[in-house]
Amino acid sequence: MSDNRDADKAAIQAVLAASYKAWEAGDADGMVADYTPDATAIMTGSLRDSRAVIRENMALAFGGPLKDTSTYNKQLSLRFVGRDAAIVVSESGILFGGQTEVPDAGKVNATWVLEKRDGHWLIAAYHNSPVLPAAQQ
């Protein structure tokens, strides 16, 4: 029996791409459209413990410090945990007005946990941590 997960991989990548596109549009509702209601997001110093809280925080950020930003995302790995869960690891960062590259000091390693519910992949958890310079790793 083949365990080809190409369709699942493509669906997961589409979910992430839609979230990145919504970020670029400053669309908090679109950014969390594919999050589970009980999703969590952990970033340095903060815990957002539901899709509603994540959406609220992103709406505030898109109206202020993250206005007119986009993101850089380089997928480093994607692996499945059983039939209905996946973990994506990426190198990411925020591109501020006119930037074409994220400075090394602004890069983070991110972990995305996705869950397949009712045939659709959804983001259940997100966590990021600053990338340390090679000398500190």
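Criteria and cut-off values
Residues numbered from 1 in each chain as written. Predicted model: local features only at pLDDT ≥ 70, side-chain atom pairs only at ≥ 80, totals over all residues. Heavy atoms only, no water. Helix = DSSP H or I, 4+ residues; strand = E, 2+ residues; numbered from the N terminus. Expected span 1.5 Å × (residues − 1). Buried < 20%, exposed > 50% of the residue type's maximum accessible area, 1.4 Å probe, protein only. Arc of directions from axis to C-beta. Salt bridge = Lys/Arg side-chain N within 4 Å of Asp/Glu carboxyl O. Phe/Tyr/Trp six-rings, centres within 6.5 Å; stacked < 30°, edge-to-face > 60°. Lys NZ or Arg CZ within 6 Å of the ring centre and 35° of its normal. Pairing = 2+ DSSP bridges. Axes fitted to C-alpha atoms, helices over the stretch in contact; angles between N-to-C directions. Contact = heavy atoms within 4.5 Å.

Undergrad: Is there a simple way to think about helix H1 (residues 6-24) in this case?
TA: Helical periodicity: at 3.6 residues per turn, an α-helix aligns residues three or four positions apart in one direction. Here H1 is 19 residues long and its end C-alpha atoms lie 27 Å apart, about the 27 Å a rise of 1.5 Å per residue gives. Of all the residues in H1, the buried ones are Asp8, Ile12, Val15, Leu16, Ser19, Ala22 and Trp23. Looking straight down H1, one finds its buried side chains confined to an arc of 125°; they lie on one side. Of the residues in H1, the exposed ones pointing more than 90 degrees away from the buried face are Ala7, Lys21 and Glu24. Following H1 by one or two positions, glycine 26 adopts a phi angle in the positive range, close to 70°.

Undergrad: I'm lost on the pattern of salt bridges in this one. Help?
TA: Side chains carrying opposite charge are able to pair once their charged atoms draw close together. By the definition in use, this model includes seven salt bridges. With a shortest N-O distance of 3.0 Å, lysine 116 and aspartate 8 are connected by a salt bridge. Taken together, the residues span a long stretch of sequence, with lysine 116 in strand S5 (residues 108-117) and aspartate 8 in helix H1 at a distance of 108 residues. Take aspartate 8: its relative accessible area is 10%, and that puts it in the buried class.

Undergrad: Would you take a moment to explain unusual backbone geometry for this structure?
TA: Glycine aside, residues mostly have negative phi, and peptide bonds are mostly found in the trans state. With a phi angle near 60°, aspartate 68 is a residue other than glycine that sits in the positive phi range. Residue placement: aspartate 68 occurs in the loop between helix H3 (51-62) and strand S3 (70-80). Within the chain, aspartate 118 stands out as a residue other than glycine whose phi angle is a positive 50°. Counting through the fold element by element, aspartate 118 comes out in the loop between S5 and strand S6 (120-130).

Undergrad: Even after reading the chapter, I still don't get the packing of aromatic side chains, so can you show me in this structure?
TA: Two numbers describe a pair of aromatic rings. These are the distance of the centres and the angle of the planes. What the rule picks out here adds up to four aromatic pairs. When the ring of phenylalanine 80 is compared with that of tryptophan 121, the centres are 6.0 Å apart and the planes differ by 55°; the resulting orientation is tilted. Linking phenylalanine 80 in strand S3 with tryptophan 121 in strand S6, this pair joins segments that are 41 residues apart in sequence. According to the relative accessible area criterion, phenylalanine 80 is partly exposed, its value standing at 22%. Taken together, Tyr20, Trp112 and Tyr126 form an aromatic cluster joined through their ring pairs. Against the face of phenylalanine 80 rests arginine 5, its NZ or CZ located 3.8 Å from the ring centre.

Undergrad: What should I look at first to understand the pairing of S3 in this one?
TA: Looking down a regular strand, the side chains alternate between one sheet face and the other. Bridging between S3 and strand S4 (residues 85-95) involves ten bridges; their strand directions are antiparallel. When the bridges of S4 are listed, threonine 71 appears paired with isoleucine 94. Taking the residues between adjacent antiparallel strands as the criterion, S3 and S4 are bridged by four residues, where glycine 82 takes a positive phi near 75°.

Undergrad: How should I be thinking about the sheet that holds strand S2 (residues 46-48) in this particular structure?
TA: Judged by pairing direction, the sheet is mixed, and its six strands sit side by side in the order S2-S1-S6-S5-S4-S3 without closing on themselves. Looking at strand neighbours, the two that pair on one side only are S2 and S3, the edges of this open sheet. The mean angle between the axes of side-by-side strands here comes to 20°, regardless of whether they run parallel or antiparallel. Across the sheet, H1 touches strand S1 (35-43), S3, S4, S5 and S6, and the angle it forms with S3 is around 160°. Running over the sheet, H3 touches S1 and S2 and is turned about 55° from S1.

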